[in-house]
Structure formats: structure tokens, C-alpha cells
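The primary structure of each chain is shown beneath.
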Amino acid sequence: MPPRPPRQARLALPAPSAVSEPSPDPFEVEPAHHRWLLTTCVAGIAGSLVIGSAVLGIFGENAAPRDAYAAVEKASLTGNYPDSARSGRSVLGRKEFSSTYQPQADSNEQPVVPERDLNNANLYPEITSGDLPYSEDKPIVINADIDGVDNDENITTITKQVPPEPTDETFKLGKGQTLVDMLTDRGVSLDAAKALVAAVNPIFPVAMIKPGTPVEVTLDRQIDFYGREVTFPVELSFSPGPKETLTVEADEDGRFQAAIEGTKAGTKSQYAQINHFHTHAEVGSSLYGTAQDNKIPDYIIAEFTRIFSYDVDFQRQVKASDSFDLFYGNPLTGSSSRRMVLHYASLTLDGKVKTYYRYTTSDGQTDYYDEQGRSAQKSLLKTPVSGAKLTSGFGMRIHPLLGYSKMHAGVDFGAPEGTPIRAAGAGIIEVAGRHGSFGIAVEIKHNDRYETLYAHMSRLATGINQGTRVNQGQIIGYVGETGRATGPHLHYEVHVDGQPVNPSRIMAAGGRQLSGKEMIKFAQVKQRVIALMQQAPSPLQVAQAKQ
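Residues numbered from 1 in each chain as written. Predicted model: local features only at pLDDT ≥ 70, side-chain atom pairs only at ≥ 80, totals over all residues. Heavy atoms only, no water.

On to the confidence of the model for the protein chain. Per-residue confidence for the protein chain averages 76 on the pLDDT scale, and 65% of its residues sit at or above 70. For the protein chain, helix H2 (residues 83-86) is the element with the lowest average pLDDT, namely 45, and strand S17 (residues 440-445) is the one with the highest, namely 95. Across residues 8-20 the pLDDT falls below 50, and counting only partners more than four positions away or on other chains, this stretch makes ten contacts in the model. Every residue in residues 68-98 scores below 50 in pLDDT, and together they form 47 contacts with partners more than four places removed in sequence or on other chains. (pLDDT = per-residue confidence, 0-100. Helix = DSSP H or I, 4+ residues; strand = E, 2+ residues; numbered from the N terminus. Contact = heavy atoms within 4.5 Å.)

Here it is in C-alpha cells:
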């Protein structure tokens, strides 16, 4: 049997409807010209699907704004999330969906960050900088329009004025005036003036500024913290000495800085060392108390009292309205500066002035001399104890212990126990120790006519023995109440030719009188002391400046 020719494959399509015609041969090959129709149909269907998907993406449901759903797995909703989240329903957004719906994130896109649950402030999802729209690799541009206000009724218009120019001024400090006073008088606030002075003091104490010193200041009008216009010293300068200029400047924050021109910051002025002090005051309740109030050292007060003790009875002659003037400091000669000395002493009593200057003669003897070169030192002191009060005078009196009238051959000075007692004049000690009803006493023979007695001491000074020679003003003992006494005091007697006399009425002979070359040198010392005294601050001013 001859072989059959090979068959060609054909596509079997169902008939559109059932007919009675006989079925075609299933092995019959369809003519080839119908293949293009099948290819065209398949390509058309595929193209329709692509175009339809694109149109649906643009105009379909996804084109409208919709709530974003977080791709969160159901199993991960644990912890402090709302109950609706635990039940499988998402509350992220405005719509809910059943637990059967599990939105999946596209693997090619960034995962959607879960929205923060504001009801649980302690939950913060892990967010990296890359997730933020303004991270370095995601620049963002914000465009905004600002609309003007249509209603201008509530708008306040402020006219900006040009601030006034700073002004320069020069003034001089008057006697008794301070730098703070001069600044406040020109409208500067008290706080600003004190702050400026506080900056100056470490460089040069303002208390040392000499009266009449020119001070240049630049004043500016500024706005303070409360919006008020105030006067502010932006710069100030003056010369502490002939070779220096001190300048104070305010920085942009209003803080003051002071410096000597041409030196490093913080360098003190070469004129800042205070070597001398000058005090003038009324006596007031007592000379000693007033001197202490003015910060005068005790040993200067004692020296001042000793100088005038030859002529002045401080208990009877000095009144509250009287005044004193003193100048002390480092010695004018020599290299020692450990202890200051009194250079000038003046006392005004009832309008009469007595003045003394310290001077050392060519033979090395130092003393105080008045304007005519007469020594203040007399043969005897009228008051051998400082700061004492006269409690009993010379003459007949009722004895406080014996109770009957008895001659009081001396004067009594009431003073605290332990107060130093000084020799009224130079001489030889004849009695030193217990002396009957006088208790512990010292008796000094000054010359053939004068003798003095000091009684009721608490103890003798070191080196005071019978036969010892003492100088005028030397400490010989201390106030007490030994012997027949009712309290601590000094009983002081003066004998002339063996007879007791009233110590307050003794007209003792004067001391040394300067003349010739000594008088010329003394006049030069006087001029130097007066010049230094005019420039020196008071110890009270310096103490207040340091506070």
C-alpha cells in the first residue's frame, strides 16, 4: 500500500451553530491564507489590554486621592496598639477593611512607614534619614505665598529715627566729690556708674584721683532692657600721674574694661600704691571714737594725743564742735615702709589752731615742731594716758572710801584696765613697785625741781626698775586698781620743789627751737608734707572703695 502523504495541522474551531450538514474531515488542512487572521486577533487583544491598563491608571480609581494604607502584617499588631488593630482591622487611615484583606507592598517600592499612633506617645517607629522628605538625598522646595492684611486698623506705624551722636565731655572732680557722683549728675544710672568704678579700682583706686583732675567721658544714648532710652558712658579716661593715661571702655554687651594705655591688660598703675592718708573731721562725741570711725590706726591716734598732751587737757578743753586734721604714711626718708608715721597734726580748739610737723634734725633727733620751729615737747605731759576720762580733780574732796574730806594731791584719769601709761618727762625712776595705799606705783625724778607719781597700776612695763632712766612718752606701766582704789584708773601727781601742784596748770618750759640751716631744711619738709597731703585720700575713702 502506497504511503500516505503527510498531513498538515489545522486549527479546529467549533461551529457557530448546530447544523445538519455532515462534519468536515478533521484531517483536512485549512488553506494557508487564513493564518494572518489569527495572528492579528491575538496581537489586537494584547494591545487592548496594554492600552486599557494605561487608561485605567490615568482616569480610573487610582487617579483620585485615597487614604494610604500601611502594609502591616496582621501578626505584628501587638503591644499597646488599639483593640481594632489586634482584631485584624486597621485603623491607619479613615477606612477599615476586614482581616481577610492583606495589602502587600510592591517589592520595587519603598515600604510604607506606619502612621504614628498619637494615643500612645511612647511608640516611635524606626525612621531613617532616608525616609524623610528633606534628607540630603531628597531635596525639597517649599513654595508659599504671603497675603497682605486688608484691614490696616490694627497696624501701628513706628517712625525710625536716626539715633543721636555720642557726646564728649570733660569735667574735673571737686573736693569731696566722687566719680560716681559726677557720672550720675550727667544722667548715667547708678548701677552703670558703680560698674565703671568697679572696673577702674583694680587698676587705680578712684579714691586716689586728685581733686581737679580732668576726666574725659563719652556719653551715648542707648536703649536699655526695658526699651527706655538711657545715657550710657561708653568711654572714660584720665591721667593718674604725669606719665600715664587710664582708659575705660564698654564692650558691645555693656561690660567695662579698664587698662593703662601702652601696657598689658590688668597692669596696675605705678601711682596706685597708697603710701599716705589724710583725714579731717570734727571731734564729735570723742576724739578717739571719731578717729576710729575714720579708720585711723590706734598707734597714730596715740601719737596725735601725745603731741598735744603738753598743752591740751583733752577731758576739759576739747568739745564736740572742735576739729582735728592729720596726715600720716610712709617715712619721708629711709627705706622702711613697714610702719607708717604721723607727719602732720593739727587741732582746732575754740577757733584757735595748733599745728605740728614731724622733722628729724641733722643730729638724728626726731620731734614735732610748730610753724615757727618750736618743739612740741615740753618738760612735762599734762595727760600721761591716752583716751582717759578725768574722774577727779586736784584739791579737797570727800574721799570715796574713807568718807571724810581729804586733800587730793593729784588728778584721776578713768581708763580701762591695761591702758598704757607714759612717762610725763625724761628722768630717773626712784620708785617702781608696791608703794603703800598707791598700790603698784612709779615715781620719776625729772630734775632738781620736778617729780611725778603714777599710782594704782595693774603691772609695770618691761624693764622698769628703780634707777632706770626713761624718756618722755615711754611706757612705764598699765592702768589698774591696786591699792586703795574703787575701780581702774590712774592717779597722777606732779611735785614742784617737793610740793604737789595741779598738773593741768603747769606752764612747763618749752623744748628745742630750730634756727639757721635747720630752719631752712624744716621749711622744705613743710612744703613737701603740704603737697603730699593735698593729694592723699582718706583711709575711710579707700576702705569704702574696696567694698
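Unoccupied space between atoms shows up once a probe the size of one water molecule is rolled over them. There is about 960 Å³ of room inside the largest pocket. Counting only elements with at least two residues in the lining of the largest pocket, the list comes to helix H3 (179-184), helix H4 (190-200), strand S6 (276-282), helix H7 (516-535) and helix H8 (539-545). Element by element, the count of residues in the lining of the largest pocket is highest for H8, at four residues. For the lining of the largest pocket, the class distribution of residues is 15 nonpolar, 15 polar and four charged. (1 Å grid on protein atoms, 1.4 Å probe; cavity = no way out; pocket = protein on both sides within 12 Å on 5 of 7 lines; lining within 4 Å. Points joined across faces, edges and corners; volume = space filled by probe spheres on them. Nonpolar A, V, L, I, M, F, W, Y, C, P; charged D, E, K, R; others polar.)

Per the stated rule, a full pass over the model turns up two cavities of 30 Å³ or more. There is about 50 Å³ of room inside the largest cavity. Counting residues per element, the lining of the largest cavity draws most heavily on helix H6 (residues 298-308), at three residues. Looking at the lining of the largest cavity, its residues break down into four nonpolar, four polar and two charged.

On to the pairing of strand S5 (residues 256-260). Every second residue of S5 is oriented toward a common face, the buried set being Phe256, Ala258 and Ile260 and the non-buried set Gln257 and Ala259. With five bridges connecting them, strand S4 (residues 246-250) and S5 associate as antiparallel partners. Its bridge partner being in S5, Ala250 is matched across the sheet by Phe256. (Buried < 20%, exposed > 50% of the residue type's maximum accessible area, 1.4 Å probe, protein only. Pairing = 2+ DSSP bridges.)

Relative to the helices and strands, Asp370 is located in the loop between strand S10 (366-369) and strand S11 (389-392). Engagement of the side chain of Asp370 in a polar contact is seen with the backbone nitrogen of Arg374, the distance being 2.7 Å. Among residues more than four places away in sequence, those in contact with Asp370 are Thr355, Tyr356 and Phe522. (Polar contact = N/O pair within 3.5 Å; in protein donor to acceptor, adjacent residues only side chain to side chain.)

In an α-helix there are 3.6 residues to a turn, and that puts residues three or four apart on one side. Most of H6 sits out of view: eight of its eleven residues are buried. All of the buried residues along H6 are Ile300, Ile301, Ala302, Phe304, Thr305, Arg306, Ile307 and Phe308. On its buried side, H6 packs onto helix H5 (287-293), strand S7 (323-329), strand S8 (341-349), strand S9 (352-360), S10 and strand S15 (420-422).

Pairing within the open sheet is antiparallel, and its five strands lie in the order S6-S7-S8-S9-S10. Edge strands, defined here as strands with exactly one partner in the open sheet, are S6 and S10. Averaged over all pairs of adjacent strands, the angle between their axes in this sheet comes to 15°, without regard to strand direction. Alignment of S8 against S9, held across six bridges, turns out to be antiparallel. Paired with Leu349 across the strands is Lys352, a residue of S9. Contacting S7, S8, S9 and S10, H6 crosses the sheet at an angle of about 55° to S8. (Axes fitted to C-alpha atoms, helices over the stretch in contact; angles between N-to-C directions.)

We now examine the packing of aromatic side chains. Inspection of the entire model under this criterion finds twelve aromatic pairs. Note on Tyr369 and Phe522: the rings are 6.0 Å apart at their centroids and 65° apart in plane angle, and the pair reads as edge-to-face. Highlighted residues: Tyr369 in strand S10 and Phe522 in helix H7, separated in sequence by 153 residues. Each of the two residues, Tyr369 as well as Phe522, counts as buried. By the ring-pair criterion, three or more aromatic residues cluster together here, those being Tyr344, Tyr357, Tyr359, Tyr369 and Phe522. Here Arg459 stacks its cationic end above the ring of Tyr478, 4.2 Å away from the centre of that ring. (Phe/Tyr/Trp six-rings, centres within 6.5 Å; stacked < 30°, edge-to-face > 60°. Lys NZ or Arg CZ within 6 Å of the ring centre and 35° of its normal.)

To continue, consider the pattern of salt bridges. Pairing of side chains with opposite charge becomes possible as their charged atoms draw close. As enumerated under the stated definition, the model contains ten salt bridges in all. Residues Arg221 and Glu229 are paired through a salt bridge, measuring 3.1 Å at the closest nitrogen-oxygen approach. Exposure remark for Arg221: the relative accessible area of 33% places this residue in the partly exposed category. Among the residues examined, Glu229 registers a relative accessible area of 46% and is labelled partly exposed. Linked by salt bridges that have partners in common, Asp251, Asp253 and Arg255 make up one network. (Salt bridge = Lys/Arg side-chain N within 4 Å of Asp/Glu carboxyl O.)

This paragraph deals with the sheet that holds strand S2 (residues 214-223). Strand order in the open sheet formed by five strands is S1-S2-S3-S4-S5, and the pairing between neighbours is antiparallel. Only two strands of the sheet have a single neighbouring strand rather than two, namely strand S1 (167-172) and S5. Neighbouring strand axes in the sheet, compared pairwise and without regard to direction, differ in orientation by 30° on average. Sitting on the sheet, H4 is in contact with strand S3 (229-238), S4 and S5, with an inclination near 35° to S5.

There is a patch of like negative charges on the surface, built from Asp168, Glu216, Glu235, Glu249 and Glu261. On the basis of relative accessible area, Glu235 is assigned to the partly exposed category, the value being 33%. (Patch = residues over 30% accessible without salt bridge, like charges linked within 9 Å, V, L, I, M, F, W, Y side chains within 5 Å. Areas by Shrake-Rupley, 256 points an atom, 1.4 Å probe, with all protein chains shown as cover. Lys, Arg positive; Asp, Glu negative; His and termini not counted. Charge placed at Lys NZ, Arg CZ, Asp CG, Glu CD.)

Our next topic: H4. For H4, the full list of buried residues reads Ala192, Ala193, Leu196, Val197, Ala199 and Val200. In an axial view of H4, the angular spread of the buried residues amounts to 160°, which keeps them on one side of the axis. (Arc of directions from axis to C-beta.)

Take the side chain of Thr247 next. Relative to the helices and strands, Thr247 resides in strand S4. For Thr247, a relative accessible area of 9% puts it in the buried group. Of the polar contacts made by the side chain of Thr247, one reaches the side chain of Glu261; its length is 3.0 Å. Apart from the residues within four sequence positions on either side, Thr247 is in contact with Glu235, Leu236, Ser237, Gln257, Ala258, Ala259 and Glu261.

Let's shift gears to unusual backbone geometry. A positive phi is found at Asp350, a non-glycine position, where the angle reads about 55°. Looking at the element boundaries, Asp350 is found in the loop between S8 and S9. Within the chain, Asp497 stands out as a residue other than glycine whose phi angle is a positive 55°. Here Asp497 shows up in the loop between strand S21 (489-496) and strand S22 (499-501).

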